[in-house]
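Each chain, written out:
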Amino acid sequence: MVIKFIKNRQSSDQKMSRIEEVQDVKTTRTAPSELSNQTTEPTLNSAALLLIFLTISCGLFSANVYYIQTLVGEIATDFGHSEGGAGLAVTMTQLSYGLGLLFVVPLLDVVENRRLMLFLAAVALLGLVGAALAPSLWWLFGACFLIGSGSVCVQVLVPYASYLAPRGYEGRVVGIVTGGLMFGIMLARPAASLAASFGGWRSIFFIAAGAIALCMALILRRLPSRQPDVPAKYLSTIRGMLASVRQEPTLRRRLFYQAALFSTFSLFWTVVPLELASADFALGQREIALFALAGAMSVLAAPLGGALADKGHGHLTSGAALFLGIVAFGLTLLPITNQWVGLLVFFIAALLIDLALTVSFVIGQRIIFALGPTRRGSLNGIFMAGFYSAGALGSAVGGLLFAQHGWQPPAVVGIIVLAAALLFWFSDPNNHPKESCA
């Protein structure tokens, strides 16, 4: 599928270059014309490298939001504060990221996209350097606010990639770059733990800052510029976000599905490290990091989700994703006494939950992008902000329940939430023609 996309891109680029010999064409929307603006002639390799770069960039920006979550204990010790006080650094990152989804991502529909990416990358870079050099906890709070604000760049990159895709291949392209996004989310915690075990908690922020600086250089050098087709006014775009929720039943439905999956995903990955570190498994931080690293392999299925959406199977696949999530939590409740068998069961559950979330996320973005081709930034902003809030709630509920009652209550909550979403899915078996994304 990727090769088809690249070949299609190369063919389109060659056609556009011939057209531009006759007349000067101002490019605003499609990838073929955008790529033809590059100083070098587009080739199969350059198209592939562009797709790879977008995918890796999505992973790096999304990971920025999650590094801090596994470092709270070391940060508290370093600054002489309680873990509760240090944990506010996580809150600042999440708060600024959520605000950015609502108020920054819609700028995709208002201003030139590459300039917006560079600005957000610079904000994230400033925050990462500030966190790495933070002399106090208050300084770290401010740095984390910048990290979250700038890292919403990932939610500019995804719809930007969909604009680059030829018609009929949007889902595949979104699936590929979203695979990078999900890798970033799932690998951030183990990467931070491993880096901290060798170089202290600040080391991951130095590494991330270097990676984002490289991204900025490549965005400036390699990404084609893109002006919105019909530039909107910012305030009207923000008002339109809220109106979209009221007016688009498909958007509400996708929000509900993804909120259920992301809240239970966050619950699982908040609680499972605590369960694996308990007396039942007694794993150390490096072993838990490797467990999370292995579980992240399920995001390789992201392009499959995009291809299914392109072919009109988004609705059926979404129901299957919700069912897989229920199965995953159900497996962890089986009465298993052998430690190694239990570890295997949790590993399978992690794969299923990660797979369900990734496939549903790709399908959801593909579907909502089709609802408004000229307002993908605002649609993506409200979509992400909605289920991201649900994820924060899932983490909080999971942590509280585990602290008081152990693993079983959080797992039961996960099953109940996903079962409710699946019942909602059954309430509308196939009457959303827009979800075919033809």
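In this text the structure is predicted, and so the values were computed from the model without any measurement.

1. Looking at the pattern of salt bridges
Side chains bearing opposite charge may pair, as long as their charged atoms lie close to each other.
And step 1. Here the structure, examined in full by the defined rule, presents 1 salt bridge.
And step 2. For Asp78, the salt bridge is made with Arg202, and the minimal N-O distance between the two is 3.5 Å. Of the two residues, Asp78 sits in helix H4 (residues 72-79) while Arg202 sits in the loop between helix H10 (170-199) and helix H11 (203-222), which places them 124 residues apart along the sequence.
And step 3. Asp78 gets classed as partly exposed once you look at its relative accessible area, which sits at 43%.
And step 4. Overall, Arg202 belongs to the partly exposed group, its relative accessible area being 23%.

2. Points about the nonpolar core
And step 1. Ranked by internal contacts, the top residues of the largest apolar core, which has 124 residues, are Leu54, Phe61, Ile75, Leu140, Phe205, Leu223 and Phe268.
And step 2. In terms of residue count, the dominant contributor to this core is helix H13 (residues 249-277) (14 residues).
And step 3. Not counting residues within four places of it along the chain, the set of residues in contact with Leu54 comprises Leu157, Tyr160, Ala161, Leu164, Val177 and Leu223.

3. A look at the confidence of the model for the protein chain
And step 1. Scored by pLDDT, the protein chain comes out at a mean of 79, with 83% of its residues at no less than 70.
And step 2. When mean pLDDT is taken per element in the protein chain, helix H7 (residues 113-132) scores highest with 96 and helix H2 (residues 31-35) scores lowest with 38.
And step 3. In this model, residues 1-42 is a region of pLDDT below 50 whose contacts with residues beyond four sequence positions or in other chains number 66 contacts.
And step 4. Predicted confidence is poor over residues 433-438, with pLDDT under 50, and the contacts of this stretch with residues over four places away or in other chains come to 18 contacts.

4. So, the environment of Val104
And step 1. Structurally, the position occupied by Val104 is in the loop between helix H6 (88-103) and H7.
And step 2. Sequence-wise, Val104 and Gly150 are 46 residues apart; in three dimensions their C-alpha atoms are separated by 9.3 Å.
And step 3. Residue contacts for Val104: discarding those within four places in its chain leaves Leu99, Leu120 and Val152.

5. A few points about the packing of aromatic side chains
And step 1. Scanning the entire structure with this criterion turns up 18 aromatic pairs.
And step 2. When the centroid spacing of 4.9 Å and the interplanar angle of 75° are considered together, the rings of Trp425 and Phe426 count as edge-to-face.
And step 3. The buried category is assigned to Trp425, whose relative accessible area is 11%.
And step 4. Three or more aromatic residues link up through ring pairs in this structure, and these residues are Phe268, Trp269, Phe281, Phe291, Phe329, Phe346, Phe347 and Trp407.
And step 5. For the cation-ring pair, Arg226 lies above Tyr163, with the distance from its terminal atom to the ring centre recorded as 3.5 Å.
And step 6. A cation sits over an aromatic face here: Arg253 above Phe424, 4.2 Å from the ring centre.

6. Structural notes on the packing of H6 against helix H12 (residues 234-247)
And step 1. Two elements in contact, H6 and H12, have axes whose closest approach is 10 Å; the angle formed by their N-to-C orientations is 105°. Between H6 and H12, the interaxial angle falls into the category roughly perpendicular. Contacts from Leu101, Leu102 and Phe103 in H6 reach Tyr234, Ile238 and Met241 in H12.
And step 2. Class assignment for the residues of the contact of H6 with H12 results in 6 nonpolar, no polar and no charged.

7. A word on the environment of Leu251
And step 1. Looking at the element boundaries, Leu251 is found in helix H13.
And step 2. Residue Leu251 is classed as buried on the basis of its relative accessible area, which comes to 0%.
And step 3. In sequence terms Leu251 and Ile368 are 117 residues apart; their C-alpha atoms lie 6.3 Å from each other.
And step 4. In this structure Leu251 touches Ser244, Val245, Ile368, Leu371, Leu379, Ile382 and Phe383, once residues within four positions along its chain are discounted.

8. A word on the state of the cysteines
And step 1. The full count for this structure, using the stated rule, is 0 disulfides.
And step 2. Between Cys58, a free cysteine, and Cys153, which holds the nearest cysteine sulfur, the sulfur-to-sulfur gap is 8.2 Å.
And step 3. Unpaired in terms of disulfides, Cys215 finds its nearest cysteine sulfur in Cys153, a separation of 8.3 Å.
And step 4. A relative accessible area of 4% means that Cys215 is categorised as buried.

9. Focus on helix H16 (residues 314-332)
And step 1. Here H16 spans 28 Å end to end across 19 residues, near enough to the 27 Å set by a 1.5 Å rise per residue.
And step 2. Those residues of H16 lying buried are Gly314, His315, Thr317, Ser318, Gly319, Ala321, Leu322, Gly325, Ile326, Ala328, Phe329 and Thr332.

10. Regarding a nonpolar patch on the surface
And step 1. Together, Leu95, Leu99, Phe103 and Phe145 line one region of the surface with nonpolar side chains, adding up to about 330 Å² of accessible area.
And step 2. A total of 3 residues in the nonpolar patch trace back to one element, the largest contributor, which is H6.
And step 3. Structurally, Phe145 is set in helix H8 (residues 137-151).

11. Digging into the packing of helix H18 (residues 376-405) against helix H19 (residues 408-426)
And step 1. Two numbers describe how H18 lies on H19: the axes approach to 7 Å, and their chain directions differ by 145°. Across from Gly398, Leu401, Phe402 and His405 in H18, the residues of H19 making contact are Pro409, Pro410 and Val413.
And step 2. Among the residues making up the contact of H18 with H19, the classes are represented as 5 nonpolar, 2 polar and no charged.

Procedures and definitions
Residues numbered from 1 in each chain as written. Predicted model: local features only at pLDDT ≥ 70, side-chain atom pairs only at ≥ 80, totals over all residues. Heavy atoms only, no water. Salt bridge = Lys/Arg side-chain N within 4 Å of Asp/Glu carboxyl O. Helix = DSSP H or I, 4+ residues; strand = E, 2+ residues; numbered from the N terminus. Buried < 20%, exposed > 50% of the residue type's maximum accessible area, 1.4 Å probe, protein only. Core = buried A, V, L, I, M, F, W, Y, C linked by side-chain atoms within 4.5 Å. Contact = heavy atoms within 4.5 Å. pLDDT = per-residue confidence, 0-100. Phe/Tyr/Trp six-rings, centres within 6.5 Å; stacked < 30°, edge-to-face > 60°. Lys NZ or Arg CZ within 6 Å of the ring centre and 35° of its normal. Axes fitted to C-alpha atoms, helices over the stretch in contact; angles between N-to-C directions. Parallel < 35°, antiparallel > 145°, perpendicular 65-115°, else oblique. Nonpolar A, V, L, I, M, F, W, Y, C, P; charged D, E, K, R; others polar. Disulfide = S-S within 2.5 Å. Expected span 1.5 Å × (residues − 1). Patch = residues over 30% accessible without salt bridge, like charges linked within 9 Å, V, L, I, M, F, W, Y side chains within 5 Å. Areas by Shrake-Rupley, 256 points an atom, 1.4 Å probe, with all protein chains shown as cover.

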